[in-house]
Amino acid sequence: MGSDMGLIVKTTARATIPLIGIFGAYIVSHGHLTPGGGFQGGATIAGAGILFLIAFGFGEMKRRYDHHLYSALEGLGGLAFLGIAMLGMGVAFFYNTLWHSGPFFNGQPGTLLSAGYLPVMNLAVGLKVFAGLVSAMVAIAAYGRWKE
Amino acid sequence: MIPFQFITAFLLMTMGIYALLYKRNLIKLVLALDIIDSGIHLLLISFGYRIEAGQIPTAPIYTGYETVKSAMVAPLPQALTLTSIVIGVCVLSLAMALTINAYRHYGSLDVNKLRRLRG
Amino acid sequence: MMLPYLIIIPLFGAFATPIVGLAGRKAREPWAIFITALTLGVAAELFYTVWKSGEILVYTLGAKSPLGQGVGFPIRIVWEVDLLGALFALMVTFIAFVAVLYSSEYMKHDTGLEKYYTLVLVLEVGMLGIAITGDLFNFYVFLEIMSIASYALVAFRNDTWEGIEAGIKYMFTGSLASSFILLGIVLLYGQYGTLTMAYLAKMIAENPTFTAKVALGLLAGGLLFKSGAVPVHMWLADAHPAAPSSISAMLSGLVIKIGGTYALARLAFSVFGMGVSTKTVGWIIILFACATLIVGNAMAIIQTDMKRLFAFSSVGQIGYILLGIGIGLAAYGSDVGNVALAGAIYHTVNHAIMKALLFLVAGAVIHQLGTKNLNELSGIARKMPVTSFAFLVGAAAIIGLPPLNGFASKWLIYESSALFNPFLAAIAIIGTAFCTAAYIRVLFTFFGRPSERVMNATEPGKAMLVPMLILVLAIIVMGLFPWVISEKVMIPAAKTLENAGAYVTALLGGA
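Residues numbered from 1 in each chain as written. Chains lettered and ligands numbered in written order. Predicted model: local features only at pLDDT ≥ 70, side-chain atom pairs only at ≥ 80, totals over all residues.

1. Concerning the overall build of chain B
When you go through chain B residue by residue, the secondary structure sums to 3 helices and 0 strands. Secondary structure elements in chain B, listed N-terminal to C-terminal, are α-α-α. Residue burial in chain B is summarised as follows: out of 119 residues, 28% are buried. The long-range share in chain B, meaning contacts at least 24 apart out of those at least 6 apart in sequence, stands at 56%. (Helix = DSSP H or I, 4+ residues; strand = E, 2+ residues; numbered from the N terminus. Buried ≥ 20, exposed ≤ 12 C-beta atoms within 10 Å, placed from the backbone. Contact = placed C-beta atoms within 7 Å.)

2. Points about the interface of chain B and chain C
In this complex, chain B contributes 25 residues to the contact, which on the side of chain C involves 29 residues. If you list the elements that add at least two residues to the side of chain B that touches chain C, you get helix H2 (26-47) and helix H3 (75-106) of chain B. Element by element, the count of residues in the side of chain B that touches chain C is highest for H3 of chain B, at 12 residues. Here the residues of the side of chain B that touches chain C are counted per class, giving 18 nonpolar, 5 polar and 2 charged. (Nonpolar A, V, L, I, M, F, W, Y, C, P; charged D, E, K, R; others polar.)

3. Notes on the packing of helix H2 (residues 38-64) of chain A against helix H5 (residues 118-143) of chain A
Residue and element names in this part refer to chain A. In the contact formed by H2 and H5, the axes pass within 8 Å of each other and the chain directions differ by 30°. The orientation of H2 with respect to H5, classified from their angle, is roughly parallel. Both H2 and H5 take part in a crossing whose hand is right-handed. Contact residues: Gly-38, Phe-39, Gly-41, Gly-42, Ala-43, Ile-45, Ala-46, Gly-49, Ile-50, Leu-53, Phe-58 and Met-61 in H2; Met-121, Asn-122, Val-125, Gly-126, Lys-128, Val-129, Phe-130, Leu-133, Val-134, Met-137, Val-138 and Ala-141 in H5. The residue makeup of the contact of H2 with H5, split by class, is 17 nonpolar, 6 polar and 1 charged. (Axes fitted to C-alpha atoms, helices over the stretch in contact; angles between N-to-C directions. Parallel < 35°, antiparallel > 145°, perpendicular 65-115°, else oblique. Left-handed = near helix turned anticlockwise from the far one by under 90°.)

4. Quick word on the nonpolar core
Formed by 249 residues in total, the largest nonpolar core has its most connected members in Ala-89, Val-92, Ile-95, Ala-356, Leu-357 and Ile-475 of chain C. Among all residues touching Ile-475 of chain C, those that are not within four sequence positions of it are Ile-353, Met-354, Leu-357, Val-393, Ala-397, Leu-404 and Asn-405 of chain C. By size, the runner-up hydrophobic cluster in this structure holds 33 residues, among which are Phe-39, Met-61, Leu-98 and Ala-131 of chain A. (Core = buried A, V, L, I, M, F, W, Y, C linked by C-beta atoms within 7 Å.)

5. Description of helix H19 (residues 500-508) of chain C
All names here are of chain C. For H19, every residue scored as buried is listed here: Ala-500, Tyr-503, Val-504 and Leu-507. Each buried residue of H19 sits inside an arc of 95° when the element is viewed along its axis, so together they form one side. Looking at the packing, one finds that the buried side of H19 touches strand E1 (57-60), strand E2 (78-81), helix H7 (197-206) and helix H10 (245-271). (Arc of directions from axis to C-beta.)

6. Description of the confidence of the model for chain C
When the pLDDT values of chain C are averaged, the result is 86; 99% of them are 70 or greater. Both scores are available for the predicted complex, with the pTM at 0.91 and the ipTM at 0.90. (pLDDT = per-residue confidence, 0-100.)

7. Structural notes on the packing of helix H3 (residues 83-106) of chain C against helix H4 (residues 113-132) of chain C
All names here are of chain C. Remark: H3 packs on H4, axes separated minimally by 8 Å, with the N-to-C direction vectors making an angle of 170°. One way to sum up the angle between H3 and H4 is to call them roughly antiparallel. Each of Gly-85, Phe-88, Ala-89, Val-92, Ala-96 and Val-100 in H3 lies in contact with H4, whose residues at this interface are Val-120, Glu-124, Met-127, Leu-128, Ala-131 and Ile-132. Across the contact of H3 with H4, the residue classes break down as 10 nonpolar, 1 polar and 1 charged.

Printed below as a string of structure tokens:
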């Protein structure tokens, strides 16, 4: 299987993948303060996964990728999003009850622990987007193997 | 005078529709769909750009917004554009998956070869 | 208030399906059936509430009131359900429930079923969202959810070339149509600065600009694309036969109506009704409707593929619905327009049930015999009597024979078009003649001399027969009380759709 890259690419990938992951996590967790959010951060983290796939090849990726785990994670992200949206069901669907009366995430606007359900929702969306994009990329990479 | 960003958006949409009508390669067609969407996104984003009192507006970032003196652009078009981009990503990945599958079945990316369904 | 659960329950079901799928292979089908049944219950309750009170329900997402702080106009996403939306939500959940019940046996031999049920539930979410939404961008999001799920479902059997080719054609035309719709919405936002349908209606009535008319043109063009009107119907004839039959039933019965004609009617009446000349818009829709009627039904005659015949017949029936909507717009406010609109709504519901039944029959034949070519299916009635009986009822209903439900709705459309313009009634009757010819041909095939291939055929299992019999029962019961249903449900639904002022005041108050 000659689908993985050379030594330079592999070493660089090893060095940058954690950094990309950290940057993605920053974008997700600051989604309610700065441009970005769940989708953008999740896509960034998935970029780390795609870099791994390209640098180390499909065989290596396949050993570390569990299809059931990722589709369950994707479902979990969606469920968490829906559950948070339903927290304020007493007033309305998507009512930001954490912000108005909740025990946490109700700090001064502009600080990290503010904006009610938004940071939690960003985490849920980030999880879903990360799992979904990595699954899609692996599936597309797996299509390319049909000749072998 | 028509603002230049509207003209650019219109040109992008026209280019996309031209490519969709006259190109034969499936991947080019997928890109054409994306270009049309980009044109619409540019149009939508530029609706939020409003110069108030001669000040150039800044991005809608709320951290430390008291210290920023100039106006902000309207945040709603940006939210709508982000939603639309997410939808675009879904369509794009589905289109790519279908294109790969089509190549598997037809051995070609030429859209003219995809004519087995008739009647 | 049960309204948000209409979205929450199928969405929850869709997200939880992969996790339920981990529990075992047997758990997915009961889960999907349970979720769709629950949604059907919620929709029935919602329909009963709206029908009994006759009011328009307004639900604001994220707050108590849609109006912003200190400003007099709505800034939040609202859902607005009148009788028409509630009726269509009931129709969607009913057909989806039947299709899911049917696919528990029909799809048994396919792989990747947790994806299949996820996509079916997402498709249902999209259609329900379109039926209840009162916000234009929300409408676009739900439209895209519905469209993406249906592209993926058409190409679900990706080991066959038919599914892939049809999926690609459907995806390109559908995405282009979606882009038109998005452009229309963007132009409206740029002109009026709001996306709430009711407030937009008020603004357009006060100041109908040229941009609003261009936006209406783009929206109508995109929605006619999505409903399969004639110059752009070719994707429909490819996509609906290539999908698995349970999905064809949902696509032909629901998607082209909710994402096409219902959205068109909602935009034309509720949003643009007070601002633009309804007569012009109505006549444009009537022209498309006449072409659709003739071409769709005529093309159905020459098909040899059973599902393709049904798909072209769907094109023809969309013509009737568009004709009703067009006359309703052109004769806005008069009795004729009201009757035509009621006929269109009635025919939408009837056609959803009939075409779902016919595609389920086609699916049963494919499942048992492995072919959908009419030349090989001669004499199937001897071996599959229940299936053939279901087909007989469905075909008689779609032609419009009196004791069945298709008669009443077609009669309302004929009657109103004859009163409006006799030429249109003549076209409608010619369309029905073509339709009759097409179905008589299939009927002769089914009841003819048995060919060798069908000698070994057997009836499908219970999980496939029961959904068909539910639909047969629905057709017969609706056929027994046609004028009661028309008086109690369809005419009031048409009146609420025509009354655009009430749609605005329900949200904005007495202003």
